[in-house]
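Structure assessment
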Amino acid sequence: MGSPVKTDKNPPPPAGGAAAAVKDGGAPAGAAGLLLQAARRNMRQYGMIIALVLIAALFQIWSGGILLKPQNVTNLIGQNSYILILAIGMMVVIIAGHIDLSVGSLAAFVSAAAAVMIIHHHVPWPLALVACLLIGAIAGAWQGYFIAYVGIPSFIVTLAGMLLFRGGTQIFLEGQSISPFPRGFQKIGNGFLPEVGPHTNYHNLTLLIGLVVIAIAVVQEIRDRRQQLAYDLDVLPRNFFLLKLLAIVACCVAFTMTLASYHGVPIVLLILAGLLIVFGFVMRNAVIGRHVYALGGNQAAAKLSGVKDKRVVFLVFVNMGVLAALAGLVYAARLNAGVPQAGINFELEAIAAAFIGGASATGGVGTVLGAIIGGLVLGVLNNGMSLVGIGTDYQQVIKGLVLLAAVGFDVWNKRKVGS
């Protein structure tokens, strides 16, 4: 997202041309050319970021300033946390060229299992949490086996899983809600970092975390630019790079101050940040991540290149099972109950977030950050429409149109690039 852009090098430009101007941070023509190429190569992701900003601005004005109040921002994070967790896993599944319709039912099944273990059988909640994540891994492995090694299409296997786990949820709970959970478990979905330091008008620990995040982000951007220059690759002009750094710092400061003026950083936000960092690194830099992209892009070519396609697909669904279990635990902790209706339409929200965030229906395309952005677009839409009093029937229509527009834009963009 906005990373330095690599450009074609044949033939090399004359001295003082576009490339030279870019490296010196100067010539407007070279700057304009690089910015245009950056926009084209990252059109989908830039478009979603712009759309997110515009949607937030629209509902901020329409709601009389309520949308971006600290309390509502915190609620927005909590209300969409489990969808964002599912969206990360779903993005990986879609990149690999598959789909998972069972994640909502599996999240409900795990939340029911947690309620039965913790409330009825008095299992310590940390032990129950680990057991529930293992249940998710086993469920994902079970589905992954049929998809990868038996060869049944993922649509069919996960559709069967959706029915199976939904029925298992009803059996576990016997059609009734079970509550309450211990306070420690509730903090997974509703808790905040503790107060430390002297009493101020802001949450001190959140301010410290914000400063650390800003420093890391700036250092990483500078390091990436230097690496690109070391390999003689064209980068954004110096002035535009400084504007980019300023925008990153401004966004981080605004978000940090918003959270710090309420109760601070929610625990679930730390979980999401950890997932974003880990999966972002794995998908960009790790071998397994590159294999996932290769399989989704061209399975036959990937197999000829030595990619163990069955093993990769199997692991993708194991990972999805674990994340679905984690989403179910977060949902149960936030609701403080195991309920039979948990997880309904979660899979549709996660799939929509992935496609809105830049995934391709044919596989091989997408980023973890894109899934988060897509999920936030849906979350802000849901929250904003509720704040201004738009009915749930119209909300469904609007979200359907947004999803159709996002996928249609992806198809149009591919055709334009191809031509």
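Preceding this section is the structure that the text describes.
Bear in mind the structure is a predicted one, so any value in this text is a computation, not a measurement.

This part is about the nonpolar core. Formed by 101 residues in total, the largest nonpolar core has its most connected members in Ile-85, Leu-86, Met-90, Phe-185, Val-292 and Val-316. With 16 residues, helix α4 (residues 70–95) is the largest single contributor of residues to this core. With residues up to four places along the chain from it excluded, the contact list for Leu-86 reads Val-103, Met-320, Leu-323, Ala-324, Ala-327, Phe-346 and Ala-350.

Glancing now at the state of the cysteines. A full pass over the atoms with the stated rule returns zero disulfides. Cys-251 takes part in no disulfide bond, and the closest cysteine sulfur, belonging to Cys-252, lies 7.0 Å away.

Moving on, we come to the packing of aromatic side chains. Tallied over the full model, the rule gives 13 aromatic pairs. Between the aromatic rings of Tyr-82 and Phe-346, the centroid separation amounts to 5.1 Å while the plane-to-plane angle is 20°, which identifies the pairing as stacked. Here Tyr-82, found in helix α4, pairs with Phe-346, found in helix α15 (residues 346–356); they are 264 residues apart in sequence, far enough to count as distant. You'll find Tyr-82 and Phe-346 in the same group, each marked buried. Pairing Phe-181 with Phe-185 gives two aromatic rings, centres 4.5 Å apart and planes at 35°, and the pair type is tilted. Taken together, Trp-142, Tyr-145, Phe-146, Tyr-149 and Phe-314 form an aromatic cluster joined through their ring pairs. One Lys or Arg, Arg-225, reaches over the ring of Phe-241 and ends 4.8 Å from the middle of that ring.

Below, the discussion takes up the pattern of salt bridges. Once their charged atoms are close, side chains differing in charge can pair, the charge on each being opposite to the other. Summed over all chains, the structure comprises two salt bridges. Its salt-bridge partner being Glu-221, residue Lys-244 comes within 2.9 Å of it at the nearest N-O pair. Of this pair, Lys-244 sits in helix α10 (residues 238–260) while Glu-221 sits in helix α9 (residues 204–230), placing them 23 residues apart in sequence. The pair Lys-244 / Glu-221 is uniform in exposure class, with both members buried. Residue Glu-349 pairs with Lys-399 through a salt bridge whose shortest N-O separation is 3.0 Å. Placement of Glu-349 in helix α15 and of Lys-399 in helix α17 (residues 392–418) is noted, with a sequence separation of 50 residues between them. Glu-349 sits in the buried class, given a relative accessible area of 19%.

Cut-off values and rules
- Residues numbered from 1 in each chain as written.
- Predicted model: local features only at pLDDT ≥ 70, side-chain atom pairs only at ≥ 80, totals over all residues.
- Heavy atoms only, no water.
- Core = buried A, V, L, I, M, F, W, Y, C linked by side-chain atoms within 4.5 Å.
- Buried < 20%, exposed > 50% of the residue type's maximum accessible area, 1.4 Å probe, protein only.
- Helix = DSSP H or I, 4+ residues; strand = E, 2+ residues; numbered from the N terminus.
- Contact = heavy atoms within 4.5 Å.
- Disulfide = S-S within 2.5 Å.
- Phe/Tyr/Trp six-rings, centres within 6.5 Å; stacked < 30°, edge-to-face > 60°.
- Lys NZ or Arg CZ within 6 Å of the ring centre and 35° of its normal.
- Salt bridge = Lys/Arg side-chain N within 4 Å of Asp/Glu carboxyl O.

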